[in-house]
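# Architecture at a glance
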Amino acid sequence: MQDRTPDAVRHLFAAVLEAITLPYGTPDYDRRILDRAGWAHAVATAALAEDPRDLAWNVDYLRAKLTAEKADAEKRAARGSVAR
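Summarised in this report is the structure supplied together with it. Only a predicted model underlies this, so the values are computations on that prediction, with no experimental measurement involved. (Residues numbered from 1 in each chain as written. Predicted model: local features only at pLDDT ≥ 70, side-chain atom pairs only at ≥ 80, totals over all residues. Heavy atoms only, no water.)

### Quick look at the packing of aromatic side chains
If you walk through the whole model with that rule in mind, you get two aromatic pairs. On the basis of an interplanar angle of 10 degrees and a centroid distance of 5.4 Å, the ring pair of W57 and Y61 is categorised as stacked. Of the two residues, W57 and Y61 are both situated in helix α3 (residues 55-83); the distance of four residues between them amounts to about one turn of the helix. Relative accessible area serves as the criterion here: at 55%, W57 is assigned to the exposed category. Under the relative-accessibility criterion, Y61 is labelled partly exposed at 34%. (Phe/Tyr/Trp six-rings, centres within 6.5 Å; stacked < 30°, edge-to-face > 60°. Helix = DSSP H or I, 4+ residues; strand = E, 2+ residues; numbered from the N terminus. Buried < 20%, exposed > 50% of the residue type's maximum accessible area, 1.4 Å probe, protein only.)

### Notes on helix α2 (residues 29-49)
When the terminal C-alpha atoms of α2 are compared, their 30 Å separation across 21 residues agrees well with the 30 Å that a helix rising 1.5 Å per residue should span. All buried positions along α2 are accounted for by R32, I33, R36, W39, A40, V43, A46 and A47. Summarising the axial view, the buried residues of α2 lie within an arc of 160 degrees, below the 170-degree limit, and thus occupy one face. Pointing more than 90 degrees away from the buried face of α2 are the exposed residues D30, L34, H41, L48 and A49. (Expected span 1.5 Å × (residues − 1). Arc of directions from axis to C-beta.)

Shown next as structure tokens:
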């Protein structure tokens, strides 16, 4: 069977999965997963409500949020390891 899922939809699903996938032992897991789930929810909601041609913008937005969140988490971890 041929895959008929548009690339934009596949990219959106991949970004949402990335957002809600975080190893459980990750420092600040509870706070980070709640933030990430909120962003994923907002992006998925917007993707359903907006023009389908805007899916790429939603994917880019979510990936940018995740990149910034990861960088912040790394900074916090580095400060924590220096303080010890």
